[in-house]
Amino acid sequence: LHAIHAPRCNRGFTIFFTGLSGAGKSTIAAALRAMLDGKCGQPVTLLDGDAVRKNLSSDLGFSKQDRDTNIRRIGFVAREATMRGGIAICAQIAPYDAARKAARRMLEEAGGFVLVHVATPLDVCEKRDPKGLYAKARAGLIPSFTGISDPYEPPPDAEVVVDTTDVSVEEAAEEIVRCLVLLGYLRTGNNIGAADGQPSM
Ligand SMILES: Nc1ncnc2c1ncn2[C@@H]1O[C@H](COP(=O)(O)OP(=O)(O)OP(=O)(O)O)[C@@H](O)[C@H]1O
Ligand SMILES: [Mg+2]
């Protein structure tokens, strides 16, 4: 064995989205992953709310208790990635402040936690209605639908707040990257955001 080069020890962290259904969490999270993946030397794990509900939390409903359990599970998986120096991107509604704060405490200890509030207002989300869920909720076909018949507690502690009413997906993802640089999680000059950047970290 010759010299073993220790990789640069980047700190792992979790980017945790919150916001109403249709706000743009999944869309922005996917764009953000494309910007970061393979460009910052850290593995990127995307935990999207729909995939989590289908694969990890298919036994859960939408009571407060089940929503809290769902967030605890997401936090647990994100911690595994974060503790090993990775980047976890979690994109789910996460309507309750206490559950988000518990995730923050755990993930800050694991490396870092950045809360992104996609604060697109309800009327815009409802007009978009990409999954047709608001129409169903208004018709009374979905009980406990966040923003209609279930609470959403806006976070007082978000590191990034982005309202997608007049901001493009790319602009929103770039704003999050800028925040990650400001907070010291990412360094500039490593081609983040470039279309075909070489990994350089
Ligand atoms: N600037 C924007 N940023 C993000 N999404 C946008 C923007 N403008 C329009 N959209 C559209 O808004 C919709 C957002 O849907 P998306 O699935 O990302 O929401 P979500 O927050 O993940 O909702 P859910 O909680 O139901 O999963 C998409 O159809 C997307 O194309
Ligand atoms: Mg989504």
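Residues numbered from 1 in each chain as written. Chains lettered and ligands numbered in written order. Predicted model: local features only at pLDDT ≥ 70, side-chain atom pairs only at ≥ 80, totals over all residues. Heavy atoms only, no water.

A.B. asks: Let's hear about helix α1 (residues 25-36): which residues, and what values?
C.D. replies: For α1, which comprises twelve residues, the first-to-last C-alpha distance of 16 Å matches the rise-based estimate of 16 Å (1.5 Å per residue) to within 8%. Among the structural elements, β1 (13-18), β2 (44-48), β3 (87-91), β4 (113-118) and α7 (169-182) are those in contact with the buried residues of α1. At the exit of α1 stands G38, carrying a positive phi of roughly 75 degrees. (Helix = DSSP H or I, 4+ residues; strand = E, 2+ residues; numbered from the N terminus. Expected span 1.5 Å × (residues − 1). Contact = heavy atoms within 4.5 Å.)

A.B. asks: Kindly report on the nonpolar core, identifying the contributing residues and their values.
C.D. replies: Counting 34 residues, the largest nonpolar core has I15, F17, L36 and V116 as its most contacted members. If you list the elements that add at least two residues to this core, you get β1, α1, β3, β4, α6 (133-138), β5 (160-162) and α7. Look past the residues within four positions of V116 in its chain and what remains in contact with it is I15, F16, F17, T18, V160, V162 and I176. I74, A78, C90 and A103 belong to the second-largest nonpolar core, a separate cluster that totals 16 residues. (Core = buried A, V, L, I, M, F, W, Y, C linked by side-chain atoms within 4.5 Å. Buried < 20%, exposed > 50% of the residue type's maximum accessible area, 1.4 Å probe, protein only.)

A.B. asks: Quick one: what's the story with the environment of Y185, residue by residue and with numbers?
C.D. replies: In this fold, Y185 is placed in the segment after α7. Along the chain, Y185 and G111 lie 74 residues apart, while their C-alpha atoms are 9.8 Å from each other. The residues touching Y185, leaving out its near neighbours within four places in the chain, are R11, F13, G111, G112, F113, V114 and L180.

A.B. asks: Provide a residue-level description of the pattern of salt bridges, including the pertinent values.
C.D. replies: For the structure shown, the criterion picks out eleven salt bridges. In this structure, R84 engages E80 in a salt bridge whose closest nitrogen and oxygen atoms are separated by 3.3 Å. By relative accessible area, which is 59% here, R84 ends up exposed. Using a relative accessible area of 29% as the deciding quantity, one classes E80 as partly exposed. With its nearest N and O atoms 3.3 Å apart, the salt bridge here joins R104 to D157. Of the two residues, R104 sits in helix α4 (residues 97-110) while D157 sits in the loop between α6 and β5, which places them 53 residues apart along the sequence. (Salt bridge = Lys/Arg side-chain N within 4 Å of Asp/Glu carboxyl O.)

A.B. asks: Talk me through the site of ligand 1; I want residue IDs and the actual numbers.
C.D. replies: Around ligand 1, the structure places 17 residues, and the nearest of them are S21, K25, T27, K131 and V167. In the model, an oxygen atom of ligand 1 is placed 3.3 Å from a nitrogen or oxygen of the R128 side chain. Protein contacts shield 76% of the accessible area of ligand 1, which totals 640 Å² for the unbound molecule. It is α1 that provides the largest number of residues to the shell around ligand 1, a total of four residues. Here the shell around ligand 1 is composed, by residue class, of seven nonpolar, seven polar and three charged. (Near = heavy atom within 4 Å. Polar contact = N/O pair within 3.5 Å; in protein donor to acceptor, adjacent residues only side chain to side chain. Areas by Shrake-Rupley, 256 points an atom, 1.4 Å probe, with all protein chains shown as cover. Nonpolar A, V, L, I, M, F, W, Y, C, P; charged D, E, K, R; others polar.)

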